[in-house]
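Below are the chains, spelled out letter by letter.
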Amino acid sequence: MINRVVIIGRLTRDVDLRYTQSGTAVGQFNLAVNRQFTNANGDREADFINCIIWRKSAENLSNFTHKGSLIGIEGRLQTRNYENKEGQRVYVTEVVVDSFSLLEPKASGGASDTQSANRTQSAPQQNYQSNPLANGQAIDISDADLPF
């Protein structure tokens, strides 16, 4: 069976970063994804996808993105349900993010012509994996190792 999701969209708000009682980081966010067709009025509609990301990837996404950031995510679709305070059953469908890519260059504090030039260049992609193991080895990455 296959359950893989790949989405490119813009953050509708900053990542809501929280920590569990055991100290594990978890981030929740929504991605706005334009549909490929227009409606009867000629307007393009969007879908708003609920997403959740865990651990160091959640902290990185929260630190290096903001409302409106263009990102790509890869993960799996998950459904769950719970009972709210009013006793009603609530059903949730969300993407559990395994990795993400930043699809825009880092904004510079320079002149506006530099910023517009950055937008026209192809954006570098940085991938972040939720899995801290690579080839069975732990990866130690400090903030100084990050290219932005």
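Within each chain, residues carry numbers counting from 1 in the order of the written sequence. Only residues with pLDDT of at least 70 are given local features in this predicted model, and only at 80 or more are side-chain atom pairs given and counted; all residues enter the totals for whole chains, interfaces and linings. Each side-chain value is worked out from all heavy atoms of the structure, with water and hydrogens disregarded.

What follows concerns the overall build of the chain. Runs of E in the DSSP output that reach at least two residues are strands. Runs of H or I that reach at least four are helices, and both are numbered from the N terminus. Secondary structure summary: the chain contains two helices and nine strands in total. Taken from the N to the C terminus, the helices and strands of the chain come in the order β-β-β-β-α-β-β-α-β-β-β. Think of it in three bands: with a 1.4 Å probe and only protein chains considered, a residue is buried below 20% of the maximum accessible area for its type, exposed above 50%, and partly exposed in between. Relative to its full complement of 148 residues, the chain shows a buried share of 27%. Between two residues, a contact is recorded if the distance between any of their heavy atoms is within 4.5 Å. Pairs at least 24 apart in sequence give 55% of the contacts found in the chain among residues at least 6 apart. A total of about 10,300 Å² of accessible surface is found on the chain, and carbon and sulfur atoms cover 47% of it. Only the protein chains shown count as covering a residue, and every accessible area follows the Shrake-Rupley method with a 1.4 Å probe.

By definition, a salt bridge exists where a carboxyl oxygen of Asp or Glu is found within 4 Å of a side-chain nitrogen of Lys or Arg. Taken as a whole and judged by the stated rule, the model has nine salt bridges. The closest approach of N and O atoms between Asp-98 and Arg-4, which form a salt bridge, is 2.9 Å. Within this pair, whereas Asp-98 is found in strand 6 (residues 89-102), its partner Arg-4 is found in the segment before strand 1 (5-11), the two being separated by 94 residues in sequence. Counted as one network, the salt bridges with shared partners bring together Arg-4, Glu-74 and Asp-98.

Before going further, it helps to examine the confidence of the model for the chain. A residue's pLDDT is the predictor's confidence in that residue, given on a scale from 0 to 100. For the chain, the average pLDDT comes to 79, and 72% of its residues sit at 70 or higher. Segment residues 109-124 is flagged for pLDDT under 50; beyond a separation of four residues in sequence, or across chains, it makes 11 contacts in the model.

Moving on, we come to the nonpolar core. Within this scheme, the nonpolar core is defined by two criteria: the residues are buried Ala, Val, Leu, Ile, Met, Phe, Trp, Tyr or Cys, and they are joined through side-chain atoms within 4.5 Å. The biggest cluster of nonpolar side chains holds 18 residues, and the ones touching the most others in it are Phe-29, Leu-31, Ile-71 and Ile-73. Among the elements of the structure, strand 1, strand 3 (25-38), strand 4 (44-54), helix 1 (55-64), strand 5 (70-83) and strand 6 are those that each provide at least two residues to this core. Excluding residues that lie within four positions of it along the chain, Leu-31 makes contacts with Ile-7, Gly-9, Arg-10, Leu-11, Thr-12, Asp-47, Phe-48, Ile-49, Cys-51, Ile-71 and Ile-73.

We now examine the pairing of strand 1. The side chains of a regular strand alternate between both faces of the sheet. Should DSSP find at least two bridges between two strands, the strands are taken to pair. The sheet contact formed by strand 1 and strand 5 spans six bridges and is antiparallel. Of the residues in strand 5, the one forming a bridge with Val-5 is Gly-75.

Turning our eyes to something else, we now look at the pairing of strand 5. Inspection of the sheet shows strand 5 paired to strand 6 by 13 bridges, in the antiparallel sense. Each bridged residue has a counterpart across the sheet, and for Tyr-82 the counterpart in strand 6 is Val-90. What sits between strand 5 and strand 6 in their antiparallel hairpin is a turn of five residues, with Gly-87 showing a positive phi close to 85°.

Here Trp-54 shows up in strand 4. Trp-54 sits 26 residues away from Gln-28 along the chain, and the two C-alpha atoms are 9.0 Å apart.

Restricting attention to buried positions, one finds in helix 1 the residues Ser-57, Ala-58, Asn-60 and Leu-61. Along the axis of helix 1, the buried residues cluster in a sector spanning 165°; they form a single face. Here the arc refers to the set of directions running from the helix axis out to each C-beta atom.

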